[in-house]
Each structure stands twice: as structure tokens, then as C-alpha cells.
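Below, each chain spelled out in residue letters.
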Amino acid sequence: MKKLILALALLAGVATSCSEDKPDFYSGKNYLQFKNAMTDSVSVSFMLLPGQTTHKIGLPLYLIGRPAEVDREYTCEVVATGIDDAPAAAYTLPEKFVFKANAVTDTLWLTCNLLPEMSTNNYRLVLILKESKEFGLGSNGYNGAIIRITNMITKPAWWNSTVTSYFLGDYTDAKYRKFIEVTGVADFDSSDPGKLRDYTNTFKRYLIRMKEAGTPILEDDGSEMTVKMNL
């Protein structure tokens, strides 16, 4: 618990220490900040990205001040908090951070990399903008970004009581994992009955074929995997 409190205090301190003085947006100086508040973390789950081992995400940036006629470099650093810190192999950052010429908005692009240990870990990558020669820091609370990276499987929101009662049956991690493998789909709008029926039909036919071939698909407890919907 002490470790958690200390880490949270560190994270809060990092997010605010560089902007304790209120920026003077009318001074003519240029300020940079993320579009979203640091509390609005970005989640990347490779479980929802079947077949992908890398995934590129963009973090929008805002310029407060005058656009320049040339590209300008800014500074952004990874900060360790001591709690679920993402290892260096879990992400790839650009060699340098550049805010484009004549722009008032830009995007920091980074790549998340799938690691075997992500099946049991939910990592956290914390990025913090730093004041530089070209840019000051914008509004407090918008100078950092948190990205969570994992491959852990959890019951999706779309697997509701209707899906359980009439389509796929009771949820299990093994069934969801196999459903993704067979259909190539991890997330969709379950309020669309036609799409839900098609996905369930594809999955059930696969289970039938495997059973007829003498290799039935089993749950983790050894029971046969089944779905509710009839063909």
C-alpha cells in the first residue's frame, strides 16, 4: 500500500511540477500540451487486435501560440512510477519528437509491441512533456499521457445476458479466446442481431467440424465447448 501511495504521489508530482506557475498565454511564447487530460488514459489490448503483434497509436497535441514556418522539436520523456511500468520492449517511441511547421495541432505517434508476459500483466507507460527551448508547458493536467498495454483477456461488455441466453452461452475465457481465433472478431455491436447471429453461426459450425473430426474443442475444465444458438 505504501508503494502504491508513493507511486501515485510521484506521478501527480511529475504531472504538475513543470507547470506550477500558471502559463502566460498572452506573452507570445509557445506552449504545448496534449489534447486529452492525463487522467484519460489510453488502453491498448492486443486481445482485441487478433493477429497483430504491434499497434500504432496517436496522442493529439495542441499548440498554444503562433505556428512556425519550420518544424520544431519538443521534449517528451518516459517516467517510471514503480507500479506496472511498461518494459522498454513494450513500446517504440520516435527517434525525435517534432511539431510540424505551420500547424496548431499535431500527433505524437508511438508503437505498442506485444510481449508474451502481457497475457498476465497490464503494463502502464507514462509520458511527460518537458519544457524546452521551443516550447513551454500548457495547461496543468494536460502535460502527460498514460497508455495501458496488455494482452489479458476479460469478458467484453457486448457479451451480455442476451448473448449468453440465446447465442454464445455462458462466458469463459477459453470460449472468448477461441471465438476471436475463429471469427477474427473481438469487439462489435451486439445490438445488431444479424451480425451476432452470423458470428455465432460461424463459431458453432467450427465447433461441430472439430467434434466430427474427433478433436472437440474443450473448455479449461475439460468439458466440451458449446454455444446456445441452434443452426
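Refer to the structure printed above.
Residues numbered from 1 in each chain as written. Predicted model: local features only at pLDDT ≥ 70, side-chain atom pairs only at ≥ 80, totals over all residues. Heavy atoms only, no water.

Participant: Looking at this structure, how should I read the pattern of salt bridges?
Facilitator: Between side chains of opposite charge, a pair can form as their charged atoms come close. For the structure shown, the criterion picks out five salt bridges. For Asp106, the salt bridge goes to Lys100, with nearest N and O atoms at 3.3 Å. Note on Asp106: relative accessible area 10%, which makes it buried. (Salt bridge = Lys/Arg side-chain N within 4 Å of Asp/Glu carboxyl O. Buried < 20%, exposed > 50% of the residue type's maximum accessible area, 1.4 Å probe, protein only.)

Participant: Just checking my understanding: could you explain the packing of aromatic side chains for this structure?
Facilitator: We describe a pair of aromatic rings using the distance from one ring centre to the other and the angle between the two ring planes. The final tally for this structure, using the stated rule, is twelve aromatic pairs. Three or more aromatic residues link up through ring pairs in this structure, and these residues are Trp158, Trp159, Tyr171, Tyr176, Phe179, Phe188, Tyr199 and Phe203. (Phe/Tyr/Trp six-rings, centres within 6.5 Å; stacked < 30°, edge-to-face > 60°.)

Participant: Would you explain the nonpolar core in this entry?
Facilitator: Burial of nonpolar side chains together is a common tendency in soluble globular proteins. With 31 residues, the main nonpolar core has Tyr74, Leu108, Leu110 and Ile147 as its most contacted residues. Of all the elements in the fold, those that place two or more residues in this core are strand E1 (31-34), strand E3 (54-64), strand E4 (72-78), strand E6 (97-99), strand E7 (105-113), strand E8 (122-130) and strand E10 (144-150). Formed by 23 residues, the second largest nonpolar core is a distinct cluster that contains Trp158, Val185, Ala186 and Leu196. (Core = buried A, V, L, I, M, F, W, Y, C linked by side-chain atoms within 4.5 Å. Helix = DSSP H or I, 4+ residues; strand = E, 2+ residues; numbered from the N terminus.)

Participant: How should I be thinking about the packing of helix H3 (residues 173-183) against helix H4 (residues 193-212) in this particular structure?
Facilitator: Helix-helix packing is characterised by the crossing angle of the two axes and by the distance between the axes. Viewed as axis vectors pointing N to C, H3 and H4 meet at an angle of 100 degrees, and their least axial separation amounts to 10 Å. The orientation of H3 with respect to H4, classified from their angle, is roughly perpendicular. Facing Lys175, Lys178, Phe179, Val182 and Thr183 of H3, the residues of H4 in contact are Tyr199, Thr202, Phe203 and Tyr206. In the contact of H3 with H4, the residues fall into five nonpolar, two polar and two charged. (Axes fitted to C-alpha atoms, helices over the stretch in contact; angles between N-to-C directions. Parallel < 35°, antiparallel > 145°, perpendicular 65-115°, else oblique. Contact = heavy atoms within 4.5 Å. Nonpolar A, V, L, I, M, F, W, Y, C, P; charged D, E, K, R; others polar.)

Participant: Please explain the sheet that holds E7 as it appears in this structure.
Facilitator: With respect to topology, five strands assemble into an open sheet ordered E5-E7-E3-E1-E9, the strand pairing being mixed. Bordering the open sheet on either side are strand E5 (91-92) and strand E9 (136-137), each of which pairs with just one other strand. Where E1 meets E3, four bridges bridge the pair, whose relative direction is antiparallel. From the neighbouring strand, Leu32 faces E3, where its bridge partner is Leu63. (Pairing = 2+ DSSP bridges.)

Participant: Would you explain the pairing of E1 in this entry?
Facilitator: What you see with E1 is no split at all: Tyr31 and Gln33 on one side and Leu32 and Phe34 on the other are buried throughout. As paired elements, E1 and E9 share two bridges and run parallel to each other. Across the sheet, the residue bridging to Leu32 is Leu137, located in E9.

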